[in-house]
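Results of the structural survey
Residues per chain, in single letters:
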Amino acid sequence: MKLSHSEFIPLRGMQYHIRHWGDQRAPMLFMLHGWMDVSASFQFLVDALQRDWHVIAPDWRGFGLSERTASPYWFPDYLADLDAILRHYSPEQAVNLLGHSLGANVAGIYAGVRASRIRKLVMLEGFGMSVTQADEAPARYASWLDQVQGTPRLHSYATVDGVATRLQKNNPRLSNERAAFLATHWAAQNEHGNWDILADPWHKLPNPNLYRVDEVMACWQAITAPTLWIEAADSELLRRMGSKESARTEIERRIAYLRNATILTVQDAGHMLQHDQPEIVADAVEKFLD
């Protein structure tokens, strides 16, 4: 297993945790994790890389070891955080950017907004969210108003093995060894001996803003970097977007907005494909970056 080291940097008024793998003189590859995940989630993918890379992976605000806001979170902040991270580590050169799930959505929008900053883009399970309709807005705002008045909480676990079991419930393909490793990064022991998920509970609040897919597609259409689109053959995320046929039609419509895209479907993998098939993903990523 390749060793990583942590760095904490002040970023937009908060302390950000950045995980590094590899020689800092090697070519940089930025990796962005998904919702309710942490930067250590890329360990198995990094282990499978054959070339020398300086992998730079932040814990998004309110996740992992990065500072929490203890208040609602807003998607544009991820874009601004990414912009600040790239300015810090690569102020002049365009970068290779890889994102998974939420991270892929941030990367895709950013690559359109700051097209000259991205050399090559890799989107893992970057489908985006389901199409929303304007008449959903009143109920969405009402739900947010009801929940923002309280104090959200996340479940704690009596043992680290309980955390590992929870991770395997999310992903039945996850081996015991990999679940045990991830558990120690996904959660931390509190003063009472229980294990708390390293995520701000405020992330659990529903977003009062509807997902405006046409705005996202306008950003995707502005991407100039070659893009590698990787999805899992058995993606749980895709199944949440409706029937198999309608979801596939919508995803194909979205992919068409990527002007220079290479498409790969990874077999025997679910949404966490960087855990299920890291060797296949790593091989595809390195061939694409070359």
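The structure under discussion appears in the preceding block.
Since we're looking at a predicted model, the values are computed, not measured. (Residues numbered from 1 in each chain as written. Predicted model: local features only at pLDDT ≥ 70, side-chain atom pairs only at ≥ 80, totals over all residues. Heavy atoms only, no water.)

Observations concerning helix 5 (residues 160-170)
An α-helix turns once per 3.6 residues; consequently, residues spaced three or four apart project the same way. For helix 5, the full list of buried residues reads Val163, Ala164 and Leu167. Looking straight down helix 5, one finds its buried side chains confined to an arc of 100°; they lie on one side. Exposed and oriented more than 90 degrees from the buried face of helix 5 are Asp161 and Lys169. (Buried < 20%, exposed > 50% of the residue type's maximum accessible area, 1.4 Å probe, protein only. Helix = DSSP H or I, 4+ residues; strand = E, 2+ residues; numbered from the N terminus. Arc of directions from axis to C-beta.)

Some thoughts on the packing of helix 7 (residues 213-221) against helix 9 (residues 244-255)
Helix 9 packs onto helix 7 with a crossing angle of 40° between their chain directions and a minimal axis gap of 10 Å. Compared by their axis directions, helix 7 and helix 9 come out oblique. Taking contact as the criterion, the partners of Val213, Met217 and Trp220 in helix 7 are, on helix 9, Glu250, Arg253, Arg254 and Ile255. (Axes fitted to C-alpha atoms, helices over the stretch in contact; angles between N-to-C directions. Parallel < 35°, antiparallel > 145°, perpendicular 65-115°, else oblique. Contact = heavy atoms within 4.5 Å.)

Here's the deal with helix 7
If you check which residues of helix 7 are buried, you get Val213, Val216, Met217, Cys219 and Trp220. Projection of helix 7 onto a plane perpendicular to its axis shows the buried side chains occupying an angular sector of 155°, all on one side. Buried residues belonging to helix 7 abut helix 3 (102-113), strand 6 (118-124), strand 10 (227-232) and helix 9.

Some points on the side chain of Asp276
Relative to the helices and strands, Asp276 is located in helix 10 (residues 273-276). Buried within the structure, Asp276 lacks any salt-bridge partner; Arg173 is the closest side chain of opposite charge, at an N-O distance of 4.3 Å. If near-sequence neighbours (up to four positions away) are discounted, Asp276 is found in contact with Asn171, Arg173, Arg178, Asp268, Ala269 and Gly270. (Lys, Arg positive; Asp, Glu negative; His and termini not counted. Salt bridge = Lys/Arg side-chain N within 4 Å of Asp/Glu carboxyl O.)

Let's talk about the sheet that holds strand 8 (residues 187-189)
An order of 7-9-8 is seen for the three strands of this open sheet, with the pairing classed as antiparallel. Edge positions in the sheet fall to strand 7 (156-157) and strand 8, since each of these pairs with one other strand and no more. Its contacts with the sheet put helix 6 (residues 176-186) on strand 8 and strand 9 (195-197), and the angle it makes with strand 8 is roughly 70°. (Pairing = 2+ DSSP bridges.)

Concerning the pattern of salt bridges
It is possible for side chains of opposite charge to pair when their charged atoms get near one another. A full pass over the atoms with the stated rule returns 18 salt bridges. Note that Asp23 is salt-bridged to Arg25, the shortest N-O span being 2.8 Å. Given a relative accessible area of 36%, Asp23 falls into the partly exposed group. According to the relative accessible area criterion, Arg25 is exposed, its value standing at 76%. A salt bridge links Glu231 to Arg248; its shortest N-O distance comes to 2.7 Å. Taken together, the residues span a long stretch of sequence, with Glu231 in strand 10 and Arg248 in helix 9 at a distance of 17 residues. Overlapping salt bridges bring together Arg12, Arg61, Asp77 and Asp81 as one network.

Overview of unusual backbone geometry
Of note in the backbone geometry, Arg12 takes a positive phi value of approximately 50° without being a glycine. Structurally, Arg12 can be placed in the loop between strand 1 (4-11) and strand 2 (14-21). Its identity as a non-glycine residue notwithstanding, Ser101 has a phi of 55°, on the positive side. Of note, Ser101 is situated in the loop between strand 5 (95-100) and helix 3. Under the relative-accessibility criterion, Ser101 is labelled buried at 11%.

Examining the pairing of strand 5
Burial analysis of strand 5 places six of its six residues in the buried class, which makes it a mostly covered element. Covered by surrounding structure in strand 5 are Val95, Leu97 and Gly99 together with Asn96, Leu98 and His100, the residues of both alternating faces. Relative to strand 5, strand 3 (residues 28-32) is paired through four bridges, and the arrangement is parallel. Of the residues in strand 5, the one forming a bridge with Phe30 is Leu97. Where strand 5 lies against strand 6, six bridges are found, and the strand directions are parallel. Considered in strand 6, the bridge of Leu98 is made with Val122. A crossover links strand 5 with its parallel partner strand 6, the connecting element being helix 3, and its sense is right-handed. (Right-handed = clockwise from strand over helix to strand, strands pointing away.)

Overview of the sheet that holds strand 2
Here eight strands make up an open sheet; going across it, the order is 1-2-4-3-5-6-10-11 and the pairing mixed. Taken across any chain shown, the strands that pair with only one partner, and hence form the sheet edges, are strand 1 and strand 11 (261-266). Going across the sheet, the axis of each strand differs from the next one's by a mean of 20°, ignoring polarity. Bridge count for strand 1 against strand 2 is eight bridges, and the pairing is antiparallel. Considered in strand 2, the bridge of Phe8 is made with His17.

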